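Listed below, chain by chain, are the residues.
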Amino acid sequence: MLKLLIFANKSGVLSIPARYNTLKNMFSKETYVSRRAQLVKLVKSGVIVLFGNNDSPVNYPANVYYPFRQDSSFLYYFGLNRDGLVGVIDIDEGTETLVGDDIDIEDIVWFGSVDSVASMAASVGVARTAPMAALKDICAAALKQGRKVHFLPPYRHDTKIQLHDLLGLHPDKQKDAASMDLIRAVVEMRSKKEQQEIDQIEDACRIGYEMHTTAMRLTRPGLTEKYIGGQVNGVANSYGSMVSFATIYTQHGEIMHGVPRWDKLESGRLVLCDAGAENRMNYCSDNTRTYPVDGKFTQRQLEIYSIVEACHDYVLDVAKPGVKYMDVHLGVCRLMAARLKELGLMKGDTDAAVAAGAHAMFLPHGLGHMMGLDVHDMEGLGQINVGYDDETRPSTQFGTNALRMGRRLQEGFVVTDEPGIYFIPDLIDDWRAKGLHTDFINYDKLETYKDFGGIRIEDDVLITADGCRFLGKERIPYHPKDVEEFMANN
């Protein structure tokens, strides 16, 4: 292993994960053939270029230990988990080409023998291959003929540089130049999950269960956030491919993305764990649990927790095909505001408070997002294209403007259900100083909660023919009695 960190192949880059046998962990060849055929029907004309990803060095070219992660849309249509590949679909000529270079003997010395590009292409029903140098000729020929070259918005700098070389587009202009026809087609197809995809998300949820219950078992005063966060990551690495996003494990639940610190866990505090797994097929899970460091809720913690619990469970009653997720989100906001009024933290007319956005003091984010091959599924294609449509447009109001998914639900969608209540001292001070929403917020009582932190409960929801259900065969404990019992007995 030491040599692998010191020496590099002739390209100067080591890429251990990407060089593994690429014919493992794929759906059937027919799956990818069918998906590409459907994509052709939706886009209709031109040349589609789908870029796979390359490896990323950490701190010098030969030290590549960032886990290789293939582009999700490339995975969806070509299923191949090796670096340095591009899929080309010429709609007008009816051809498909896998572009990429075979490794040579120097690579084989370090990584062992892997499948040829031709073998990989055949495994997913692609008849033609070409070396990477040929991609420029393919694109140049299409442009010369006045045909559209369709590509998705790039998010990695090496892909942006490659696009500049191929199409002459400056990286600053590539996002706007990306093909809306291709974006709409990909969103339409990837939004509705096939049964085999649902099975994979269930598998990711299985790993997520192990991650979260590991954290719950370990949580006790004196251990550091960093230690337990590291154990959570280790579970994902040992059972799956990697974590689906950077693990959040923190006593400062009021910080939306609170990464684990070296702080020791303290008695009387709540800890929030937001973590997910990416399984071997690269499908994701995303769950959040909040629980007491001591294993038993205080009365004040339980009062706030029960509101979040009710909002979380409300989604199961109302989410179904044809319902706007924006409306589900606003229903959660009204329920939350009404319950906060009972505690004296809010006041006035509930509907008017939500319409004015006063609830965002406590819930400054949206109810959920799409999930699948990306934990925020297809977010790189533009959230307005994924979570919204011509009928449902995003809000500009603080809090609701962070809702990533608002359009009507359809059978096969997978969305997250993640309400929360947060007491953010800086936000409290800011709104109070500005005199915002004084008709709806009891600032005097709110001052006494500045040391509370935050609570979020999150699960992954599949929209079914007549309703919805949580994904994951084992439920991570979240009802207060279940949480306390689990932490006491494990």
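Residues numbered from 1 in each chain as written. Predicted model: local features only at pLDDT ≥ 70, side-chain atom pairs only at ≥ 80, totals over all residues. Heavy atoms only, no water.

*Asks:* I keep staring at the overall build of the chain and nothing clicks. Help me out?
*Replies:* Across its full length, the chain carries 18 helices and 15 strands. Computed over C-alpha atoms, the radius of gyration of the chain comes to 24 Å, within 12% of the 23 Å expected from 2.2 N^0.38 for 490 residues, which places it in the range of a compact globule. Within the chain, the fraction of its 490 residues that count as buried is 54%. For the chain, the proportion of contacts with a sequence separation of at least 24, taken over those separated by at least 6, is 74%. Just so you have it, the chain exposes about 20,700 Å², and 51% of that area is on carbon and sulfur atoms. Looking at the chain, you have 54 positive and 67 negative side-chain charges, and the mean spots of the two groups are 1 Å apart. (Helix = DSSP H or I, 4+ residues; strand = E, 2+ residues; numbered from the N terminus. Rg over C-alpha atoms; globule rule 2.2 N^0.38 Å. Buried < 20%, exposed > 50% of the residue type's maximum accessible area, 1.4 Å probe, protein only. Contact = heavy atoms within 4.5 Å. Areas by Shrake-Rupley, 256 points an atom, 1.4 Å probe, with all protein chains shown as cover. Lys, Arg positive; Asp, Glu negative; His and termini not counted. Charge placed at Lys NZ, Arg CZ, Asp CG, Glu CD.)

*Asks:* Help me out: how do you make sense of empty space enclosed by the protein in this one?
*Replies:* Over the atoms rolls a probe the size of a water molecule, and its path tells where empty space is left. Summed over all chains, the structure comprises 1 cavity of 30 Å³ or more. For the largest cavity, the calculated volume is near 40 Å³. Forming the boundary of the largest cavity are Cys205, Tyr209, Asn287, Asp459, Leu471, Gly472, Glu474, Arg475 and Ile476. (1 Å grid on protein atoms, 1.4 Å probe; cavity = no way out; pocket = protein on both sides within 12 Å on 5 of 7 lines; lining within 4 Å. Points joined across faces, edges and corners; volume = space filled by probe spheres on them.)

*Asks:* Looking at this model, I keep getting lost on the packing of helix H2 (residues 29–43) against helix H9 (residues 180–191). Mind explaining?
*Replies:* Pairs of packed helices are described in terms of their axes, by the angle between the two and the distance that separates them. Remark: H2 packs on H9, axes separated minimally by 9 Å, with the N-to-C direction vectors making an angle of 135°. Considering the angle they form, H2 stands oblique to H9. The handedness of the crossing between H2 and H9 is right-handed. Each of Arg35, Gln38, Leu39, Leu42 and Val43 in H2 lies in contact with H9, whose residues at this interface are Asp181, Leu182, Ala185, Val186, Glu188 and Met189. Taken together, the residues of the contact of H2 with H9 sort by class into 7 nonpolar, 1 polar and 3 charged. (Axes fitted to C-alpha atoms, helices over the stretch in contact; angles between N-to-C directions. Parallel < 35°, antiparallel > 145°, perpendicular 65-115°, else oblique. Left-handed = near helix turned anticlockwise from the far one by under 90°. Nonpolar A, V, L, I, M, F, W, Y, C, P; charged D, E, K, R; others polar.)

*Asks:* How do you make sense of the packing of aromatic side chains when you look at a structure like this?
*Replies:* The geometry of an aromatic ring pair is captured by two quantities: the separation of the ring centres and the angle between the planes. Enumeration over the complete set of coordinates arrives at 10 aromatic pairs. Ring centres 4.8 Å apart and planes at 80° place the aromatic pair tyrosine 76 and tyrosine 77 in the edge-to-face group. Judged by relative accessible area, tyrosine 77 falls into the buried class, the value being 0%. Ring centres 5.9 Å apart and planes at 65° place the aromatic pair phenylalanine 398 and tryptophan 431 in the edge-to-face group. Pair noted here: phenylalanine 398 is in the loop between helix H15 (383–386) and strand E11 (414–417) and tryptophan 431 is in helix H16 (residues 425–434), with a separation of 33 residues, a long-range link. Take tryptophan 431: its relative accessible area is 6%, and that puts it in the buried class. Taken together, Phe362, Phe423, Tyr449 and Phe452 form an aromatic cluster joined through their ring pairs. Of note, arginine 35 hangs over the ring of tyrosine 76, and the distance from its end group to the ring centre comes to 3.9 Å. (Phe/Tyr/Trp six-rings, centres within 6.5 Å; stacked < 30°, edge-to-face > 60°. Lys NZ or Arg CZ within 6 Å of the ring centre and 35° of its normal.)

*Asks:* Mind showing me how you'd approach a nonpolar patch on the surface here?
*Replies:* A contiguous nonpolar surface patch, about 290 Å² in accessible area, is contributed by Ile105, Ile108 and Val109. The residue isoleucine 105 is located in helix H4 (residues 105–111) in this model. (Patch = residues over 30% accessible without salt bridge, like charges linked within 9 Å, V, L, I, M, F, W, Y side chains within 5 Å. Salt bridge = Lys/Arg side-chain N within 4 Å of Asp/Glu carboxyl O.)

*Asks:* Would you explain the nonpolar core in this entry?
*Replies:* Nonpolar side chains tend toward joint burial in soluble globular proteins. Of all hydrophobic cores here, the largest spans 141 residues; its most connected members are Leu39 and Ile304. Examining the composition of this core, we find that 9 residues originate from one element, helix H10 (residues 195–218), more than from any other. With sequence-adjacent residues up to four places away left out, leucine 39 is seen in contact with Ile48, Tyr77, Ile89, Leu182, Ala185, Val186 and Met189. (Core = buried A, V, L, I, M, F, W, Y, C linked by side-chain atoms within 4.5 Å.)

*Asks:* Explain the sheet that holds strand E2 (residues 85–90) here, please?
*Replies:* Two pairing modes exist for strands in a sheet, parallel and antiparallel, and in both the strands are linked by backbone hydrogen bonds. Read across the sheet, 5 strands follow the order E4-E3-E2-E1-E5 without closing on themselves; strand pairing throughout is mixed. Whereas interior strands pair on both sides, the edge strands pair on one side only; in this sheet they are strand E4 (128–130) and strand E5 (149–150). Both E2 and strand E3 (residues 95–100) contribute to a ladder of 6 bridges, which runs antiparallel. What sits directly across from leucine 85, in E3, is glycine 100. The strands that H2 touches are strand E1 (47–51), E2, E3 and E5; relative to E2, the one it contacts most, it runs at about 55°. (Pairing = 2+ DSSP bridges.)

*Asks:* Explanation requested: the packing of H10 against helix H11 (residues 225–239) in the structure shown.
*Replies:* Relative to each other, H10 and H11 sit at 155°, their axes nearing to 9 Å. In this view, H10 runs roughly antiparallel relative to H11, as classed from their interaxial angle. In the crossing of H10 with H11, the sense of the turn from one axis to the other is right-handed. Residues Arg206, Ile207, Glu210, Met211, Thr214, Ala215 and Leu218 of H10 form the contact with H11, whose own contacting residues are Tyr227, Ile228, Gln231, Val232, Val235, Ala236 and Tyr239.

*Asks:* Sorry, what's going on with the side chain of aspartate 71 here?
*Replies:* Along the polypeptide, aspartate 71 turns up in the loop between E1 and helix H3 (72–78). Within the buried core, aspartate 71 has no salt-bridge partner, and the shortest N-O distance to an opposite charge, that of arginine 190, equals 6.1 Å. At a separation of 3.1 Å, a polar atom in the side chain of aspartate 71 contacts the main-chain amide nitrogen of serine 73. At 2.8 Å, the side chain of aspartate 71 forms a polar contact with the side chain of tyrosine 155. In this structure aspartate 71 touches Phe51, Gly52, Asn53 and Tyr155, once residues within four positions along its chain are discounted. (Polar contact = N/O pair within 3.5 Å; in protein donor to acceptor, adjacent residues only side chain to side chain.)

*Asks:* Explain the environment of lysine 296 to me, please; I cannot follow it from the model alone.
*Replies:* Relative to the helices and strands, lysine 296 resides in the loop between strand E10 (287–292) and helix H12 (299–318). Given the relative accessible area of 58%, lysine 296 is considered exposed. Remark: the alpha-carbon pair of lysine 296 and valine 483, spanning 187 residues in sequence, is separated by 8.3 Å. Sequence-distant contacts of lysine 296, that is, excluding residues within four places in its chain, are made with Gln301 and Glu484.

*Asks:* What is the right way to look at H2 in this model?
*Replies:* Because each turn of an α-helix spans 3.6 residues, side chains separated by three or four positions in sequence point in the same direction. For H2, built from 15 residues, the straight-helix expectation of 21 Å at 1.5 Å per residue is met to within 8% by its first-to-last C-alpha distance of 22 Å. Along H2, the residues classified as buried are Thr31, Tyr32, Arg35, Arg36, Leu39 and Val43. Within H2, the buried residues cover an arc of 120° as seen down the axis, which keeps them to one side. More than 90 degrees from the buried face of H2, the exposed residues found are Glu30 and Lys41. Count one or two residues on from H2 and you reach lysine 44, which has phi positive near 80°. (Expected span 1.5 Å × (residues − 1). Arc of directions from axis to C-beta.)

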